[in-house]
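Here are the chains, one letter per residue:
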Amino acid sequence: MKKIIMILWILWGGCSTGFAQIDTVSFPKERQQIRELLHQRKPDGVVDCSDFIAVGPKGDISFSHQQWQAVQAKEKVVFKSVRIMPGHEIIRIYEGKVAVVNFLAAVNLLVDGRDVAIKVRRLEVYHQSPTGWCRVAGQGTQVDEQMFPVKE
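Because the structure is a prediction, the values reported are computed rather than measured.

(A) Examining the side chain of aspartate 48 more closely. Here aspartate 48 shows up in strand β1 (residues 48-55). Relative accessible area serves as the criterion here: at 13%, aspartate 48 is assigned to the buried category. Within the structure, the side chain of aspartate 48 is placed 2.6 Å from the side chain of histidine 65, a separation counted as a polar contact. A polar side-chain atom of aspartate 48 sits 2.7 Å from a polar atom in the side chain of arginine 135.

Structural data, given as structure tokens:
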């Protein structure tokens, strides 16, 4: 009988750890700070940490905000506006210090003198520094609205 109880105890303990999850949906204060940062950001505003890494839509990689701006200038891209689409943002906070954010944005660009309006799915990572939240990584992908229509 002791063996059966011991086996059940071990099985229960092993299974329960498999279901344990990291709490990523708490931290309401930090979540609100990130939400405000997203919605109040201007196209030319800098929210990047000094060790920021950006991956562009063509696979290019930049290791600072200045390098990212240089790529945009080379491609003759000017961001006119970026609007986060309500209801299309997912914010996960890890231990109150790191945020992983996925959102959909309506982006208006000037590309080589032509106006372009696209939807972009962004994945960004933020870090809580002593001076506030800053972005350490980001990547955006244009949404193919023929395949994945966006409901506003």
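That was the structure; now back to the text.
(B) Representation of the pairing of β1 in the model. Two strands pair when backbone bridges link them, and β1 and strand β6 (residues 132-142) are joined in this way by four bridges, in the parallel orientation. Its bridge partner being in β6, isoleucine 53 is matched across the sheet by alanine 137. Where β1 and strand β2 (residues 61-62) come together, two bridges link them in antiparallel fashion. The residue bridging alanine 54 from the neighbouring strand is serine 62, located in β2. As consecutive antiparallel partners, β1 and β2 are separated by five residues, and within that stretch glycine 59 has a phi angle of approximately 90°, a positive value.

(C) Looking closely at the environment of alanine 105. As for its position among the elements, alanine 105 is in strand β4 (residues 98-111). Taking the relative accessible area as the measure of exposure, alanine 105 reaches 1% and is therefore buried. Apart from the residues within four sequence positions on either side, alanine 105 is in contact with Val82, Arg83, Ile84, Met85, Ile118, Lys119 and Val120.

(D) How the structure looks around a nonpolar patch on the surface. A cluster of nonpolar residues, Ile53, Ile61 and Phe63, forms a patch on the protein surface that exposes about 270 Å² of accessible area. The topology assignment puts isoleucine 53 in strand β1. What makes isoleucine 53 partly exposed here is its relative accessible area of 34%.

(E) Summary view of the state of the cysteines. Counting across every chain of the model gives one disulfide. Across the disulfide from cysteine 49 sits cysteine 134; the S-S distance is 1.8 Å. The S-S bond linking cysteine 49 to cysteine 134 shows a torsion near 80°; that makes this disulfide right-handed. With cysteine 49 in strand β1 and cysteine 134 in strand β6, this pair connects stretches of sequence that are 85 residues apart. For the pair cysteine 49 and cysteine 134, a shared accessibility class is recorded, and that class is buried.

(F) Broad picture of the pattern of salt bridges. Under the criterion given, the structure shown has seven salt bridges. The residue glutamate 89 makes a salt bridge to arginine 35 at a minimum N-O spacing of 2.9 Å. Of this pair, glutamate 89 sits in strand β3 (residues 77-94) while arginine 35 sits in helix α2 (residues 28-40); the two residues are 54 residues apart in sequence, bridging distant segments of the chain. Looking at arginine 35, the relative accessible area reads 27%, which means it is partly exposed. One salt bridge connects arginine 135 with aspartate 48, and the closest N-O pair in it is separated by 2.7 Å. Taken together, the positions of arginine 135 in strand β6 and aspartate 48 in strand β1 put the pair 87 residues apart, joining distant regions of the chain. Taking relative accessible area as the criterion, arginine 135 reaches 9% and is therefore assigned buried. Members of the salt-bridge network, linked through shared partners, are Asp48, Arg122, Glu124 and Arg135.

Rules used throughout
Residue numbering note: each chain is counted from 1, following its sequence as written. At least 70 in pLDDT is required for a residue's local features to be given in this predicted model, at least 80 for side-chain atom pairs to be given and counted, and no such filter applies to totals for whole chains, interfaces and linings, which use all residues. The basis for the side-chain values is all heavy atoms of the structure; hydrogens and waters are excluded. The way it works is that DSSP assigns letters per residue, a run of H or I at least four long becomes a helix, a run of E at least two long becomes a strand, and they are numbered from the N terminus. Here's how the labels work: a residue is buried when its accessible area is under 20% of the maximum for its type, exposed when over 50%, partly exposed in between, all with a 1.4 Å probe on protein chains only. For this analysis, a polar contact is any N or O atom pair within 3.5 Å, provided that within protein one partner can donate a hydrogen and the other can accept it, and provided that sequence-adjacent residues contribute only side-chain to side-chain pairs. Here a strand pair is declared whenever DSSP counts at least two bridges between the two strands. By the convention used here, residues are in contact when the closest approach between their heavy atoms is within 4.5 Å. Residues enter a patch when their relative accessible area is above 30% and they make no salt bridge; the linking distance is 9 Å between like charges and 5 Å between nonpolar side chains (Val, Leu, Ile, Met, Phe, Trp, Tyr). All accessibility values rest on the Shrake-Rupley procedure with a 1.4 Å probe; residue burial counts only the protein chains present in the view. Note on definitions: salt bridges are taken to be side-chain nitrogens of Lys or Arg within 4 Å of carboxyl oxygens of Asp or Glu. Criterion for a disulfide: a pair of cysteine sulfur atoms at a distance within 2.5 Å.

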